[in-house]
Amino acid sequence: MSASVHAIDPRTWRSETASLAMWVFLATELMFFGALFLAYLYVRSHDPGGVAAASRHTHEWLGTLNTAILLTSSFTMALAVRGSQLGQRESVRRFLWITAALGTAFLAVKGIEYAKEWDEGVVPGLHFTVAEHVRATALFFYLYFVATGVHAVHLAIGVVTVLWQSWRLRAPALPPWRVDEIDVTGLYWHFVDAIWVFLYPLFYLVDLHG
Amino acid sequence: MSYLSEGYTLRSWLTTRDHKRIAILYAIAITVFFFLGGAAATLIRLELATPAGDLVSADTYNKLFTLHGVVMVWFFLIPSIPATLGNFLIPLMIGAREVAFPRLNLMSWYIYVLGGLFTVGMLIAGGVDTGWTFYTPYSTMFSNTHVVWAVMGVFIVGFSSILTGLNFIVTIHRMRAPGLTWFRLPLFVWAHYATSLILVLATPVLAMTLVLLSVERLLHVGIFDPALGGDPLLFQHLFWFYSHPAVYIMVLPAMGVVSEIITCFARKRIFGYRFMCYAILGIAGFGFLVWGHHMFVSGQSMYAGMAFSFLSFMVAVPSAIKVFNWTATLYKGSIVFTAPMLYALGFVGLFTVGGLTGLYLAALAVDVHLTDTYFVIAHFHYIMVGGSVMAYLGGIHYWWPKITGRLYNEAWGRMAAIVIFVGFNLTFFPQYLLGYLGMPRRYHEYPPEFQLLNVLSSAGAAVLAVGYLLPLLYLGWSLFLGQRAAPNPWDARGLEWKTASPPPKENFVDEPTVDTVPYQYDPEARVP
Amino acid sequence: MNSPAPVRIYTMTWVALLALLATTFGLAHLDLGAMSPVASLAIATVKAVLVAVFFMHLRRASALVVLFALVAIFGLAILFTLSGADYATREIHAAPWTAPEGH
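Residues numbered from 1 in each chain as written. Chains lettered and ligands numbered in written order. Predicted model: local features only at pLDDT ≥ 70, side-chain atom pairs only at ≥ 80, totals over all residues.

### A word on the overall build of chain A
- Scanning chain A for helices and strands turns up six helices and two strands.
- Listed by position from the N terminus, the elements making up chain A come as α-α-α-α-β-β-α-α.
- Across its three principal axes, chain A shows a C-alpha extent of roughly 65 × 35 × 30 Å.
- Considering chain A as a whole, with its 210 residues, one finds that 51% of them fall into the buried category. (Helix = DSSP H or I, 4+ residues; strand = E, 2+ residues; numbered from the N terminus. Buried ≥ 20, exposed ≤ 12 C-beta atoms within 10 Å, placed from the backbone.)

Here is the structure:
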């Protein structure tokens, strides 16, 4: 990448800089979630049978549905970013709305799952009535709630940001800095999706054949 | 019209986007925390002047050394050079008008203050007694102090670090002046770039670890306590994965400062510039591979211990290269013993002692004897205080004319540097001996045969305290009555010296261009 | 950042992602033994790479951006490998745990 602000035009400089900054931030986020993945690795390798049993308490159909929703939201977000680069303001607003709606749907499904898990008594420390593989199930669900909870917080921030970007596009203008903002919002959104892509098999697909 | 006169109201300072003003906001805040951590140290050394635990109770003593560690590591050392000197100088050194994200910069200061308030609140509410390392299961299960509160303060201030690092990385990549290629950058900038990589990659791991610790303490379920099916070493792996690179966050910027000062006051180009750059990157990179040397006696596997021991020996190599190169820079230089130079030379000597004793600790068998003794305490204080704090003070003095537009009194500056050097060695050298002789760390009482060395150490701490107070006096005095400074009072090289002292808000009247490597000094030239 | 990719690139990526989702869900219902986590994580990796390369535009990004996209993976690899070295070579002897007073 060129050294100084003078080697390329300001427009390109700005969008490349914004993109670099967001990728640096995503690197920090990946390290943040990474610590959780180490904890998961520890728990699963120390009691694979217990973790397998515990994971059967998750709701694989809801989890799979949610994965499909989030992957689709990445698709619509990518189309929003593409539209912003082509100056298609109306199309961008539409795709941002759909993305936010899909993200909200994900959070709603997650809420339903959490409610079910509460009723089923698998919330360690708060409402835990499991009788078999007690320790493994407690640890598994401790990780599940922390991981999916932190993920949900990130997604909620994403939804708010996407809605805010859409709201700012009310005025009939799509200036270059708005395009950059939508681009980096997209990068953040896709990252949150990519994290979920790993959480899904780790929590939902451990042992579905037993 | 300098950046200092662009608005005199408190509001103009608290809503500033000027990296130079933000640097000063940080400088004030970290000074407050330095003296808070120093107050804890004073009480510790007072208690340790006598063998009996007669000044404070054991519980209070635990809270004192915890406070000292938490405040000094996270609220003083980690931000010190980067957030003050780094923020002020990096845009100047690269010929830029600002950092890449000025508002993010201001936000990082507010986040720092918020974390600080959390921590002070926790202190007032009764403190925390786990040690700055928060080891489990004591912190999660057994401590009756404000663990979650303390940990949340550290969690918050971590985001300040991350934002600073992010800003520096993007600024250095994207905002260098025309002609300023990577191998024409001052080593101060290289050092802060490497530090920023560590800031952004290591700090988030600590953040998540502290979240997990808090959940475990609050809900009594988790992965760090064998009673719950967990492993205390998992906490230690995660904690030290951050906290070892953190010590390089504390020392790399100091090394950057030292390179600037030594070249200026030896009037000589740095010896082996490219190797210095590679060494900086090597320290940052290798620094991520050695954390298990904090866990040699923890129950960690012996084979992992061997791997970490070997890697810890490797990480000494780039540091040694830097020490050799500073020494070679001094050789046949035209040396002037100004206050900054005294601090920089002190750094080289004391860092070398601290670094060599690190090798003792990296040797597995020797560590079994020395771990958790005062030898370890002496080792890291030689590096962090004899090293980083002295470099910080050296940098403050060196760039004081640039930052404030005033000259400090050189005689007082030299005297304070010598008082600090003497006080420091008197405080900490006896601790190497105490540790070797077997005095454990974190104990408020000890067998009577250790008293002489402890009294020497406490006496040294008194001298050191005087040394640290002196700059407050004469630097403060210079702000009002000091002689006004020219743009380049030291006849130094570097872009920051090509603008007024203090600089205008936009840093440069005309954007500079660069066409040479740095440190164009000539030791043969007559000093005017 | 010149002209963006045609819509079909994004659509094909999305279709591929959903197909991989169906695959991983299906495979999880088979008894693959120790290969089960390997398969599901491999598929997850492919999905993440597709998202990164096509949705996040890594295929057109500069070398510097790609480096930052990868650096955390290296960092985590170090964390997992060296911690793993401890866990892989440490013998754990479980001992009965007695509760302290009052717990």
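Text resumes after the structure shown.
### Some words on the overall build of chain B
- Each helix and strand in chain B was counted, giving 15 helices and zero strands.
- Its C-alpha atoms give chain B principal-axis dimensions of roughly 65 × 45 × 45 Å.
- Buried residues in chain B amount to 58% of all 528 residues.
- Sequence separation of at least 24 residues holds for 84% of the intrachain contacts in chain B that already meet a minimum separation of 6. (Contact = placed C-beta atoms within 7 Å.)

### Regarding helix α3 (residues 60-85) of chain A
- An ideal rise of 1.5 Å per residue puts 38 Å on 26 residues; α3 of chain A measures up with 38 Å between its terminal C-alpha atoms.
- Two residues or fewer after α3 of chain A comes Gly87 of chain A, characterised by a positive phi angle close to 75 degrees. (Expected span 1.5 Å × (residues − 1).)

### Some points on the interface of chain B and chain A
- Counting residues at the interface gives 31 residues for chain B and 29 residues for chain A.
- Counting residues per element, the ones that place at least two in the side of chain B that touches chain A are α6 (147-174), α7 (187-219) and α8 (232-266) of chain B.

### What to know about the interface of chain C and chain A
- In this complex, chain C contributes 34 residues to the contact, which on the side of chain A involves 35 residues.
- Those elements that provide at least two residues to the side of chain C that touches chain A are α1 (7-28), α2 (35-55) and α3 (63-89) of chain C.
- No other element matches α3 of chain C, which puts eleven residues into the side of chain C that touches chain A.
- Class assignment for the residues of the side of chain C that touches chain A results in 26 nonpolar, six polar and two charged. (Nonpolar A, V, L, I, M, F, W, Y, C, P; charged D, E, K, R; others polar.)

### Some remarks on the nonpolar core
- Trp23, Val24, Ala27, Ala39 and Leu143 of chain A together with Leu252 and Val258 of chain B are the most contacted members of the largest nonpolar core, which has 274 residues in total.
- Here this core takes 24 residues from α8 of chain B, the largest share from any one element.
- Counting contributing residues, this core receives three or more from each of domain 1 (1-56) and domain 2 (62-88) of chain C.
- Not counting residues within four places of it along the chain, the set of residues in contact with Ala27 of chain A comprises Val200 and Leu201 of chain B together with Phe68, Val71 and Ala72 of chain C. (Core = buried A, V, L, I, M, F, W, Y, C linked by C-beta atoms within 7 Å. Domains from an automatic or database assignment.)

### A few points about the confidence of the model for chain B
- Across chain B, the average pLDDT comes to 96, with 99% of residues at or above 70.
- ipTM for the predicted complex: 0.95, alongside a pTM of 0.96. (pLDDT = per-residue confidence, 0-100.)

### Section: helix α14 (residues 410-437) of chain B
- The terminal C-alpha atoms of α14 of chain B lie 41 Å apart, and with 28 residues this matches the ideal 40 Å at 1.5 Å per residue to within 8%.
- Once α14 of chain B finishes, Gly438 of chain B follows within two positions and takes phi at roughly 110 degrees, a positive value.

### Comments concerning the packing of helix α3 (residues 58-93) of chain B against α8 of chain B
Residues and elements named next belong to chain B.
- Here α3 crosses α8 at 35 degrees, and the two axes come no closer than 8 Å. As for how α3 packs across α8, the hand of that crossing is left-handed. Touching Leu77, Ile78, Ile81, Pro82, Leu85 and Gly86 of α3 are Ala246, Ile249, Met250, Pro253, Ala254 and Val257, all from α8.
- Classifying every residue of the contact of α3 with α8 gives eleven nonpolar, one polar and no charged. (Axes fitted to C-alpha atoms, helices over the stretch in contact; angles between N-to-C directions. Left-handed = near helix turned anticlockwise from the far one by under 90°.)

### Focus on the environment of His151 of chain A
Residue and element names in this part refer to chain A.
- Among the secondary structure elements, His151 is positioned in helix α5 (residues 134-168).
- C-beta crowding within 10 Å serves as the criterion here: with 19 such atoms nearby, His151 is assigned to the partly exposed category.
- Expressed as a C-alpha distance, the spacing of His151 and Leu65, which sit 86 residues apart in the sequence, is 16 Å.
- Residue contacts for His151: discarding those within four places in its chain leaves Val192, Ile195, Trp196 and Leu199.

### Some details on the environment of Gly272 of chain B
- Note that Gly272 of chain B resides in the loop between α8 and α9 (273-286).
- A sequence separation of 54 residues divides Gly272 of chain B from Trp326 of chain B, and the C-alpha atoms of the two residues are 9.1 Å apart.

### So, the packing of α6 of chain B against α7 of chain B
Residues and elements named next belong to chain B.
- Where α6 contacts α7, the two axes come as close as 8 Å, and the packing angle between them is 155 degrees. It follows from the interaxial angle that α6 and α7 lie roughly antiparallel. Where α6 crosses over α7, the two elements pack in a sense that is left-handed. (Parallel < 35°, antiparallel > 145°, perpendicular 65-115°, else oblique.)

### Considering the environment of Val419 of chain B
Residue and element names in this part refer to chain B.
- Note on placement: Val419 falls in helix α14.
- Using a count of 18 C-beta atoms within 10 Å as the deciding quantity, one classes Val419 as partly exposed.
- Between the C-alpha atoms of Val419 and Leu464, which are 45 residues apart in sequence, the distance is 6.8 Å.
- Not counting residues within four places of it along the chain, the set of residues in contact with Val419 comprises Val463, Val466, Gly467 and Leu470.

### A word on unusual backbone geometry
Residues and elements named next belong to chain B.
- A cis amide bond links Thr136 with the next residue in sequence, Pro137, at an omega value of -5 degrees.
- Relative to the assigned elements, Pro137 resides in the loop between α4 (102-124) and α5 (138-142).
- With omega at -5 degrees, the peptide bond leading from Ser501 into Pro502 counts as cis.
- Assignment of secondary structure puts Pro502 in the segment after α15 (451-481).
- The phi dihedral of Asp491 is positive, around 50 degrees, even though this residue is not glycine.
- Mapped onto the secondary structure, Asp491 falls in the segment after α15.
- Despite not being glycine, Tyr519 has its phi angle at roughly 65 degrees, a positive value.

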